[in-house]
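Observations on the three-dimensional arrangement
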Amino acid sequence: MDTKRRLTYLMIALYFFLSGVEYAVILPTMWLYIHENFGATSAFLGLMLSAFSISDLFCSPIYGRISDKYRCTKYLVIFSNLWEIGGNIMYFMGISLPFLLCSRFVTGVGAGAGAAIVSDIARATNVRERTGVIAILMACRQVGLVIGPGCNLFLRLVNTSIGPYPLTAYSVPGLFMASLWLLHTLLSLCLYTDFHRMAPPDDGDGDDERRRLVADGDGVGYEAVAAAAPEPEPPALVTDRRYYVNEYLRHELVAILATIFATFFNQTALEAMLTPLTKDYLGWGELGNSLLYLGAGVEVILVFMVVRCASSRFYDSSLILLGSAVSAAAIAGMLVYFPLAVPGNELNLPMLIGSVFLDVIALPFLVTCSVSLYSKITSPATQGFSQGLRRSVIGLSTIMGPLWAGSMLTRLSIMLAVLLSLILLMMALFCLSMPRLRCYEKAADSERRLSKTDEAAESGPETVNA
């Protein structure tokens, strides 16, 4: 791997890291910020969490479309960072509740560049390494989720002002994140290089690999891919509507998008209810919440490493079903206990920690493997738009999840029952699409074995005999 490629991956890793830091720095104090300073209700907390996703919902396909046409991910990242900087400065200023709501809208525009980044990674990697690369980048985000609460331990000590704007433990995260995004922008200007401007890696690009999977097949898996999901040869920028209909209305693709929707809907709903729940049942403030997120972040990093290792031994679809089962168990435990729980009960803490523990185990399996599998069954030519569509589905789920949780905090049984029903429905839909998904994975597995055989042959007779 040459120096330019290493530095670009470093900038991408830093992008995901900062997105995790931002989430972990802002979320634990957001409820206290709007509630204590402006008397906001839990329903408005849902609006605050959804505002970020609403703008991301509309902007991600636009970023992806531009990436497909111009292949200018570097400038898209820099452009999106400017929105992140502006939104976080608005959050620090905190003039009023509507102003804070707008700040989250502005910040969400900056998150749309993630679609362009993931599409570039999908084009620059092959099926042998893609899940592992995505797992590492997602782990970088989780490292940010670990570092973020640690930053709050120091930021909570701030109590001063900048002109007319108070700088408190609740507002300083905005200024802190604006400074970090500015640093990332300056580094990206110097160190980020678009993948298509580099020399191609030794193992070929994603487009050749996709055609090789179909053309060099030696069994049912390859033939099934070609018959069940034919890959058209679109131009660099596809404008034919029929192509998009045929590409995105395949039931295996719908099943993966449904998995992504259910995962993020449930996750954001649980996160929206977590802070009010810890306050009502455990009496925690920003310190307790930050420590909880810190512990969850450490756990999820370890699970991401497990996913990276498991991805070379098991199919993505199997890991997705495993994560779904664990997630269903976590929600079922909360559904059985918390609707009847009373504040101060000594079982509240272990039940909450146990549910969070199971939920965090499930998340890396669902997120990493669904992203990787989705990139493998979509066309490289429209990968940017495909990733934008995926981000839009995430945006829609992260809009609806907090709104649902914020409006149903007083009816925990109904709220959790809907979350459990959604994950079970997703599992059923995913199982129905398993045969077609498994065809893609068997084809990728066959190509991996063929590649290893070729590498061994090229290394010489001694290696082959060994």
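Sequence order as written defines the numbering, with residues in each chain counted from 1. Totals for whole chains, interfaces and linings use every residue, but because this is a predicted model, local features are given only for residues with pLDDT of at least 70 and side-chain atom pairs only at 80 or more, for both listing and counting. To get the side-chain values, take all heavy atoms of the structure and skip hydrogens and water.

Okay, the overall build of the chain next. Here a helix means four or more residues in a row that DSSP labels H or I, a strand means two or more in a row labelled E, and each is numbered from the N terminus. Summing up its helical and strand segments, the chain has 18 helices and two strands in all. Using a 1.4 Å probe on the protein chains alone, a residue whose accessible area is under 20% of its type maximum counts as buried, one over 50% counts as exposed, and one in between counts as partly exposed. Taking all 466 residues of the chain together, the buried fraction comes to 57%. For the chain, the share of sequence-separated contacts (at least 6 apart) that also reach a separation of at least 24 residues comes to 83%. Residue-level accessible areas treat just the shown protein chains as cover; the underlying method is Shrake-Rupley with a 1.4 Å probe. Of the roughly 19400 Å² of accessible surface on the chain, 68% is carried by carbon and sulfur atoms. Residue contacts are defined here by distance: any two heavy atoms, one from each residue, within 4.5 Å place the two residues in contact.

In this section: the pattern of salt bridges. Salt bridges are identified by distance alone: a Lys or Arg side-chain nitrogen within 4 Å of an Asp or Glu carboxyl oxygen. Tallying each qualifying case throughout the model produces seven salt bridges. Where Arg-197 meets Asp-194, a salt bridge forms, and the shortest distance between an N and an O atom there is 3.9 Å. Sharing partners across several salt bridges, the network here consists of Asp-68, Asp-120 and Arg-123.

Each residue carries a pLDDT score, the predictor's own confidence in it, on a scale running from 0 to 100. Scored by pLDDT, the chain comes out at a mean of 81, with 85% of its residues at no less than 70. When the criterion is pLDDT under 50, residues 461-466 qualifies, and its contacts beyond four places in sequence or with other chains add up to three contacts.

Positioned with a positive phi, Arg-71 is a non-glycine residue whose angle comes to about 50°. Looking at the element boundaries, Arg-71 is found in the loop between α2 (42-70) and α3 (73-93). Arg-71 sits in the partly exposed class, given a relative accessible area of 24%.

Moving on to the side chain of Ser-80. Structurally, the position occupied by Ser-80 is in helix α3. Classification of Ser-80 by relative accessible area gives buried; the value is 0%. Of the polar contacts made by the side chain of Ser-80, one reaches the backbone oxygen of Val-77; its length is 2.8 Å. Excluding its chain neighbours within four sequence positions, the residues that come into contact with Ser-80 are Tyr-15, Tyr-63, Gly-110 and Ala-113. Counted as a polar contact is a pair of N or O atoms within 3.5 Å, where, for protein atoms, one must be capable of donating a hydrogen and the other of accepting one, and residues adjacent in sequence contribute only when both atoms are in side chains.

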